Amino acid sequence: MTPAALGALLALLPLALMLQSPGSQHGGWTPEPSEPALHRLSHYLLAHYQKGTRPVQDWRTTTNVAIDLMVYAILSVDEKNQVLTTYIWYRQHWTDEFLRWDPTRFDNLTQISLPMESIWVPDILINEFVDVGKAPHVPYVYVSHHGEVQNLKPIQVMTACSLDIYNFPFDVQNCSLTFTSWLHHIRDINLSLWRQPELVKFDRSVFMNQGEWELLYVLTQFQEFSVKSSDYYAEMKFYVVIRRRPLFYTVSLLLPSIFLMVMDIVGFYLPPNSGERVSFKITLLLGYSVFLIIVSDTLPATAVGTPLIGIYFVVCMALLVISLTETILIVRLVHKQDLQPHVPEWVKHLLLERATILLCIRDKKKLSPSRTQSSDISRQAESNDSTAKLTPYGSEDPRESGAVGGTRPALAIAGRAEGSAVLQGVLRETTAIRQFLEKREEFRNVAHEWLQVGYVLDVLLFRAYLAVVLAYSITLGILWSTLSTLVLQILTNCCAQQFYSKLGKTLCQAVAKLGCQRDWFCEHLVLGETRGVMTATTATETFS
């Protein structure tokens, strides 16, 4: 053999060895030993992969997608547009039968990251999506050698939510995130929960707990639904229950309003017969109006209903108006009494006798001011009356008058005509003064009576107003403190009732298959004799 022929045979020897080696399952391609294991495995898996079809060998096999959810942050709650914006960590897991390999052939490699665009991904969407949020793009998924695919990604979710703001700022919101396959029915894609419901419910490991909203828990519920009674679809609901932190709104909204109402109550201690109370009340009313204008932008605005705090502000404004009206009424009673008649007897009996006992007004000096001026005026009137009865010479004894006339007859006769005219004038002036004083005393008595009525009526209306304010404040406190707890209990009970109802049907069917006493078991289960989720879960596993 010539050297040229021998060289040709040696050159063809590696090619012959390559052709004799076993071919690959994906088209007969054999990886080169010098190529890295990740490259060889990636070419091995994706060389002839069909990402447009569901990855099962038998089309009757259902692809089970396990999903999980962790709330990272509550970004915003738009009460007007009924939109909740959250940032979540979403995880889903399924089995791809075409992405399996033997780790011994690829340097014991058991897990690899592959581009998401190169493999089949389930069409799991959120039904409540209203807008595409800003979220980082994660282009890869993890694949294990058993064909298990893990898709982990953060999502900024903008979802529609029915927000109830009646208890603002002590409100609790329950918003649902419904994950379902948009196209595949339950025979093709079924959904399940990655972790136990208890672990999902109280998981706050990644939640940013420094914002306005506090995450209470996340409830889960699986259910099947159908469209026009045709095919059934699987969906997994996550109920995100959040509660607002009310400290900011309490300091900026409630406390100023409470301070203004307290000042309105203190204003009743101003004297009712002074006009300063009216100006003080008007100033408070104007100040409260300015306060409402300032805080109007802080209150949530919806077309569905009015929050309880809005009703609180309106009622406080109405109470201020009522307080001002009461003050005007009292001032009207204690002023301008010259044009008023005497107090009716039934008013005296009702207010000055019965009401004083009811209101425990035991200090009668408040109702009976000093009569010193009246006594002085009476004594002055009596003195004037005595003066009016004097004779022209200032003597009350006729005999003295006669004696004087006898000694000086000429002087008396000469001045009789002039003295008679002066005496008549003095008598008329004295009578007019006495009538004036009597009328003024009568006016003072009327004014005193109306002042007594105004004082008693002011105390009565003040205590009634104080009772209304206290009752209203206690009612609001009870509503705000109990409604939040009641909402939480209703949410928990409703979710538990739905869970136990579906679980009861499953257990009843299992008992019926085993031929047990189905009626007794189902009756006690539906009535709520099952005491816990773990008990029911254990029973389900036992029957299955």
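What you see is a predicted model, and the numbers here were worked out from it, not measured in a lab. Counting of residues starts from 1 at the beginning of each chain's written sequence and follows it residue by residue. Residues qualify for local features only when their pLDDT is at least 70, as the model is predicted, and side-chain atom pairs are given and counted only at 80 or more; totals for whole chains, interfaces and linings, by contrast, use all residues. The side-chain values count all of the structure's non-hydrogen atoms but skip hydrogen atoms and water molecules.

## Details of the overall build of the protein
Think of it this way: any DSSP run of H or I at least four residues long counts as a helix, any run of E at least two long counts as a strand, and we number them from the N terminus. The helix and strand tally for the protein stands at 13 helices and 11 strands. Two residues qualify as a contact provided that any one of their heavy atoms is within 4.5 Å of a heavy atom in the partner residue. Contacts in the protein between residues at least 24 apart in sequence constitute 77% of all its contacts with a sequence separation of at least 6. For the protein, the accessible area works out to roughly 32600 Å², and carbon and sulfur atoms hold 61% of it. To measure how exposed things are, a 1.4 Å probe is used in the Shrake-Rupley method; for residues, cover is taken only from the protein chains shown.

## Here we look at the UniProt feature "transmembrane region" (unreviewed entry) in the protein
UniProt positions are given in the numbering used here, feature names are shortened, and annotations may be inferred rather than shown by experiment. As recorded in UniProt, the sites labelled "transmembrane region" (unreviewed entry) are residues 247–270, 282–303, 309–331 and 464–491. Regarding residues 247–270, the helix share stands at 83% and the strand share at 0%, and the terminal C-alpha atoms are separated by 34 Å.

## Topic: the state of the cysteines
In what follows, a disulfide is any cysteine sulfur pair within 2.5 Å. A complete count under the given rule lists one disulfide for this structure. Across a sulfur-sulfur distance of 1.9 Å, Cys-161 and Cys-175 are joined as a disulfide pair. Looking down the S-S bond of the Cys-161 and Cys-175 bridge, the torsion is -85°, so its handedness is left-handed. Here Cys-161, found in the loop between strand E7 (148–160) and strand E8 (172–181), pairs with Cys-175, found in strand E8; they are 14 residues apart in sequence, far enough to count as distant. The exposure classification of Cys-161 matches that of Cys-175, with both residues buried. Only protein chains enter the accessibility calculation, which uses a 1.4 Å probe; a residue is then buried when its area is under 20% of its type maximum, exposed when over 50%, and partly exposed in between.

## A look at the packing of helix H4 (residues 247–266) against helix H5 (residues 276–295)
The axes used here are C-alpha line fits, helices contributing only the stretch in contact, and every angle between their N-to-C directions lies in the interval 0 to 180 degrees. It is the contact of H4 with H5, at a shortest axis distance of 10 Å, that shows an interaxial angle of 170°. Judged by the inter-axis angle, H4 sits roughly antiparallel to H5. Two secondary-structure elements touch here, H4 through Ser-252, Leu-253, Pro-256, Ser-257, Leu-260, Met-263 and Asp-264 and H5 through Phe-280, Lys-281, Leu-284, Tyr-288, Phe-291 and Val-295. The residue inventory of the contact of H4 with H5, partitioned by class, reads nine nonpolar, two polar and two charged. Any angle that falls under 35 degrees is termed roughly parallel, while one over 145 is termed roughly antiparallel, one within 65 to 115 roughly perpendicular, and all others oblique. The classification used treats Ala, Val, Leu, Ile, Met, Phe, Trp, Tyr, Cys and Pro as nonpolar, Asp, Glu, Lys and Arg as charged, and all other residues, Gly among them, as polar.

## What about H5?
What a helix is expected to span follows from its residue count: subtract one and scale by 1.5 Å. Spanning 20 residues, H5 covers 29 Å between terminal C-alpha atoms, matching the ideal 28 Å at 1.5 Å per step. Of all the positions in H5, only Arg-277, Val-278, Lys-281, Leu-284, Leu-285, Tyr-288, Phe-291 and Val-295 are classed as buried. One side of H5 carries all its buried residues, which in axial view fall inside an arc of 145°. H5 presents Glu-276, Thr-283, Leu-286, Ile-293 and Ile-294 as exposed residues on the side facing more than 90 degrees away from its buried surface. Throughout, the arc means the angular range of directions from the helix axis out to the C-beta atoms.

## Overview of the packing of aromatic side chains
Remark: the centre distance and the inter-plane angle together describe each pair of aromatic rings, the angle taken between the planes. Pairing of aromatic rings covers Phe, Tyr and the six-membered ring of Trp, with a centre-to-centre limit of 6.5 Å; geometry is then stacked below 30 degrees between planes, edge-to-face above 60, and tilted otherwise. Evaluated as defined, the whole model comprises 16 aromatic pairs. For the pair Phe-225 and Tyr-233, a centre-to-centre distance of 5.7 Å together with 25° between the ring planes defines the contact as stacked. Taken together, a centroid distance of 5.5 Å and an interplanar angle of 70° make the contact between Tyr-269 and Phe-462 edge-to-face. Residue Tyr-269 is found in the loop between H4 and H5, and its partner Phe-462 is found in helix H11 (residues 409–514); the two are separated by 193 residues along the sequence. Residue classification places Tyr-269 among the exposed residues on the basis of a relative accessible area of 65%. Since its relative accessible area comes to 12%, Phe-462 is described here as buried. Three or more aromatic residues joined by ring pairs form one cluster here, namely Tyr-288, Phe-291, Tyr-312, Phe-313 and Tyr-472. To sit over a ring, a charge needs its Lys NZ or Arg CZ within 6 Å of the ring centre and within 35 degrees of the ring normal. When the ring centre of Trp-194 is taken as origin, the NZ or CZ atom of Arg-91, which lies over that ring, is 4.7 Å away. For Lys-281, the ring lying beneath its charged end belongs to Phe-268, and the centroid distance is 3.6 Å.

## Describing helix H2 (residues 37–46)
Listing the buried residues of H2 in full gives Ala-37, Arg-40, Leu-41, Tyr-44 and Leu-45. Summarising the axial view, the buried residues of H2 lie within an arc of 125°, below the 170-degree limit, and thus occupy one face.

## Overview of the side chain of His-93
Along the polypeptide, His-93 turns up in strand E2 (residues 83–95). Those residues within four positions of His-93 in sequence are excluded, and the remaining contacts are Asn-64, Val-65, Ala-66, Glu-148, Val-149, Gln-150 and Trp-194.

## A few points about the pairing of strand E1 (residues 63–78)
As paired elements, E1 and strand E9 (residues 189–193) share five bridges and run parallel to each other. Looking at the pairing, Ala-66 lines up with Ser-192 of E9. Counting the residues that bridge the hairpin from E1 to E2 gives four residues, and of these Gln-82 lies at a positive phi of roughly 55°. Strands are treated as partners if at least two bridges between them are detected by DSSP.

## Quick word on unusual backbone geometry
A cis geometry characterises the amide bond from Phe-168 onward to Pro-169, with omega recorded as 5°. Structurally, the position occupied by Pro-169 is in the loop between E7 and E8.

## Things to note about the nonpolar core
Nonpolar cores were defined as sets of buried Ala, Val, Leu, Ile, Met, Phe, Trp, Tyr and Cys residues, with membership established by side-chain atoms within 4.5 Å. Membership of the largest hydrophobic core comes to 48 residues, with the highest contact counts inside it found for Phe-179 and Phe-238. The residues touching Phe-179, leaving out its near neighbours within four places in the chain, are Ile-67, Ile-88, Tyr-90, Ile-124, Leu-125, Ile-126, Leu-191, Ala-234, Glu-235, Met-236 and Phe-238. With 29 residues, the next largest nonpolar core counts Phe-291, Val-295, Tyr-472 and Trp-480 among its residues.

## Things to note about the sheet that holds strand E4 (residues 124–126)
Spatial strand order, E4-E8-E11-E10: four strands in an open sheet with antiparallel pairing. With one partner strand each, in any of the chains shown, E4 and strand E10 (213–226) form the two edges of the open sheet. Here the strands of the sheet are splayed against their neighbours by 20° on average, with no regard to which way each runs. In terms of strand pairing, E8 meets strand E11 (residues 232–244) through nine bridges, oriented antiparallel. Opposite Gln-173, over in E11, you have Ile-242 as the bridge partner.

## Comments concerning the side chain of Glu-326
With respect to the element layout, Glu-326 can be found in helix H6 (residues 308–334). Excluding residues that lie within four positions of it along the chain, Glu-326 makes contacts with Phe-268, Arg-277, Asp-458 and Leu-461.

## Notes on the confidence of the model for the protein
Summarising the model, the protein shows a mean pLDDT of 75, and 67% of its residues fall at 70 or more. Taken together, the stretch residues 364–405 has pLDDT below 50 and engages in 32 contacts with residues farther than four places along the chain or on a different chain. How sure the predictor is of each residue is captured by pLDDT, a score from 0 to 100. The model gives residues 494–544 a pLDDT under 50, and that stretch makes 37 contacts with residues more than four places away or in other chains.

## Section: the environment of Ile-126
Positionally, Ile-126 belongs in strand E4. Sequence-wise, Ile-126 and Phe-179 are 53 residues apart; in three dimensions their C-alpha atoms are separated by 4.7 Å. Not counting chain neighbours up to four residues away, the residues in contact with Ile-126 comprise Val-157, Thr-159, Leu-177, Thr-178 and Phe-179.

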